[in-house]
Amino acid sequence: MSDSPAARLQQLFEGHRLTPTQRRIAHSMVRRAVDAPFLSSVELAELAGVSQPSVTRFAVALGFDGYPALRKHLREVAPTGQDTGTSEYNEYQQAVHAELENLRQLADLLADPAPVERAGRVLAASTPLPVLGLRAASAQAKGFAYFAAKVHPDIRLLDEGGTMLADRVDAARRAGASALLCFALPRHPKEVVEALDHAREAGLFVVTVADSAFAPVAAHSDLLIPAAVGTGLAFDTACAPMLLGRVLLEAMCDALPDAQARLEDFDGRAAARGLFAE
C-alpha cells in the first residue's frame with residue numbers, strides 16, 4: 001500500500017466500528033490528510049461539522065486516550081522529508097503533484113483487482129444499467145455513460161435530482177436492472193444518499209465510486225471503491241475518480257461477451273457517416 005498520508009489514515013481507521021458522526025470525522029481527516037496531524041480538536045470539529053466532544057470520542061474509539069494522543073501518533077508516523085521541496089512549486093503545481101499522489105494511491109489500491117473485477121461482472125449483468133451522479137459527480141457519471149453506451153445494450157444516465165429520480169430508479173428496476181453504478185463526490189448531496197437507499201430497497205446492487213471509504217454514501221453501498229479527490233484549489237479536482245471510472249468500464253467490457261463486436265459495429269457506422277474528422 002502507498003505510504004501517503006491518506007493511505008496511512010485509511011489503514012488506521014480500518015477495522016473499527018465507527019458511528020456516522022465518527023465516519024464523518026474520519027472522512028474529513030482523509031480529505032485533509034497532510035494537515036491532519038497538526039489540526040487541533042477544535043479545528044477538526046469545525047472541519048467535520050461536529051462537536052469537540054465528538055472528536056474526543058472518535059479518538060477513544062480508535063484506541064487512544066484522547067485526541068492529543070491521536071494527534072501525537074499521527075505526527076510520529078508521518079514520514080520525514082515527504083514534502084521537502086514542495087515550497088519550490090506554485091499553488092497550481094502543488095495541485096498537480098497532489099493529484100499525482102492520488103493516482104499513486106489508486107494504483108496501489110488496484111494491486112488487488114478483485115473488487116473492480118467483481119464490480120465489472122455486476123455491472124455487465126445489469127440490463128438496463130442506471131448510472132447515477134449528481135452535482136460535482138455528474139461529469140463522472142456522464143463520461144462513464146457515454147463510453148459504456150458503446151458496449152452495453154442499455155445505459156440510463158441519472159444526472160438530475162428532484163422528485164423524478166426515484167421514479168427513474170424504479171423504472172430501471174422494472175425493466176430488469178439488477179445493479180446501479182453511483183459516482184459520489186464532495187460535497188455529497190442528500191439526494192444521492194436517499195437515491196441509494198431507494199435503489200437498495202428496490203433490490204438493486206449498488207456499486208459506488210467515492211472520494212473516500214468513509215464518505216457519507218459508504219453505508220448505503222454494497223461495493224464501494226475509493227479514489228481520492230484533490231483539495232488544493234478552490235474547487236476539488238477528480239482525476240483519480242475519473243480514471244477509476246474508466247477502469248470499471250474496462251472491467252465491464254471484459255465481462256460483456258459482445259463488447260468488441262459492438263465497438264467494431266460502432267466504428268463501422270461512424271466511418272460510414274463521416275462522424276469524426278480525420
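The structure this text deals with has already been given above.
Basis of the calculations
- Residues numbered from 1 in each chain as written.
- Predicted model: local features only at pLDDT ≥ 70, side-chain atom pairs only at ≥ 80, totals over all residues.
- Heavy atoms only, no water.
- Pairing = 2+ DSSP bridges.
- Helix = DSSP H or I, 4+ residues; strand = E, 2+ residues; numbered from the N terminus.
- Axes fitted to C-alpha atoms, helices over the stretch in contact; angles between N-to-C directions.
- Contact = heavy atoms within 4.5 Å.
- Salt bridge = Lys/Arg side-chain N within 4 Å of Asp/Glu carboxyl O.
- Parallel < 35°, antiparallel > 145°, perpendicular 65-115°, else oblique.
- Left-handed = near helix turned anticlockwise from the far one by under 90°.
- Nonpolar A, V, L, I, M, F, W, Y, C, P; charged D, E, K, R; others polar.
- Phe/Tyr/Trp six-rings, centres within 6.5 Å; stacked < 30°, edge-to-face > 60°.
- Buried < 20%, exposed > 50% of the residue type's maximum accessible area, 1.4 Å probe, protein only.
- Expected span 1.5 Å × (residues − 1).
- Polar contact = N/O pair within 3.5 Å; in protein donor to acceptor, adjacent residues only side chain to side chain.

A few points about the sheet that holds strand 3 (residues 179–184)
Strand order in the open sheet formed by five strands is 2-1-3-4-5, with parallel pairing between adjacent strands. Among the strands making up the open sheet, the edge pair consists of strand 2 (155–158) and strand 5 (223–226). Across the sheet, the mean angle from the axis of one strand to that of its neighbour is 15°, orientation sign disregarded. Across four bridges, strand 4 (residues 205–210) lies against strand 5 in parallel orientation. Its bridge partner lying in strand 5, Thr208 is registered against Leu224. The sheet contacts of helix 7 (residues 114–124) involve strand 1 (129–132), strand 3, strand 4 and strand 5, and relative to strand 5 the element is tilted by about 130°. Across the face of the sheet, helix 9 (residues 164–174) comes into contact with strand 1, strand 2 and strand 3 while running at roughly 165° to strand 2.

Things to note about the pattern of salt bridges
One pass over the full model with this rule turns up seven salt bridges. Residue Arg262 pairs with Asp258 through a salt bridge whose shortest N-O separation is 3.2 Å.

Brief notes about the packing of helix 9 against helix 10 (residues 190–201)
Their axes nearest at 10 Å, the elements helix 9 and helix 10 cross at an angle of 30°. In terms of axis orientation, helix 9 runs roughly parallel to helix 10. Remark: the crossing between helix 9 and helix 10 carries right-handed chirality. Residues Leu165, Ala166, Val169 and Asp170 of helix 9 touch helix 10, and the partners they reach there are Glu191, Ala195, His198 and Ala199. A breakdown of the residues in the contact of helix 9 with helix 10 according to their chemical character gives five nonpolar, one polar and two charged.

Focus: the packing of aromatic side chains
A complete count under the given rule lists five aromatic pairs for this structure. Centroid distance Phe13 to Phe214: 5.2 Å. Interplanar angle 90°. Geometry classified as edge-to-face. Here the residue Phe13 occupies a position in helix 1 (residues 5–13), and Phe214 occupies one in the loop between strand 4 and strand 5, the gap between them amounting to 201 residues. Taken together, a centroid distance of 6.0 Å and an interplanar angle of 55° make the contact between Phe144 and Phe183 tilted. Of this pair, Phe144 sits in helix 8 (residues 138–148) while Phe183 sits in strand 3, and the two are 39 residues apart along the sequence. Across the pair, Phe183 and Phe144 agree in class, each one buried.

Quick word on helix 2 (residues 20–31)
Along its 12 residues, helix 2 runs 16 Å from first to last C-alpha, staying within 8% of the 16 Å computed at 1.5 Å per residue. Buried within helix 2 we find Gln22, Ile25, Ala26, His27, Ser28, Met29 and Val30. Looking at the buried residues of helix 2, the elements they touch are helix 1, helix 3 (41–48), helix 4 (52–61) and helix 5 (67–77).

Focus: the environment of Ala107
In this structure, Ala107 sits in helix 6 (residues 91–109). Taking the C-alpha atoms as reference, Ala107 lies 27 Å from Leu196; in sequence the two are 89 residues apart.

Notes on the side chain of Ser126
Mapped onto the fold, Ser126 is located in the loop between helix 7 and strand 1. Reaching out from Ser126, the side chain makes a polar contact with the backbone oxygen of Pro128 at a distance of 2.7 Å. Among the polar contacts listed, one links the side chain of Ser126 to the backbone nitrogen of Ser178, at a separation of 3.0 Å. Among all residues touching Ser126, those that are not within four sequence positions of it are His152, Ala177, Ser178 and Ala179.

What to know about the packing of helix 2 against helix 3
Geometrically, a packed helix pair is captured by the angle between its two axes and the distance between the axes. Contact geometry for helix 2 and helix 3: axes closest at 9 Å, N-to-C directions at 100°. Here helix 2 is positioned roughly perpendicular relative to helix 3, judged by the angle of their axes. Side by side, helix 2 and helix 3 meet where Arg24, Ile25, Ser28 and Met29 of the first sit next to Leu44, Leu47 and Ala48 of the second. Class assignment for the residues of the contact of helix 2 with helix 3 results in five nonpolar, one polar and one charged.

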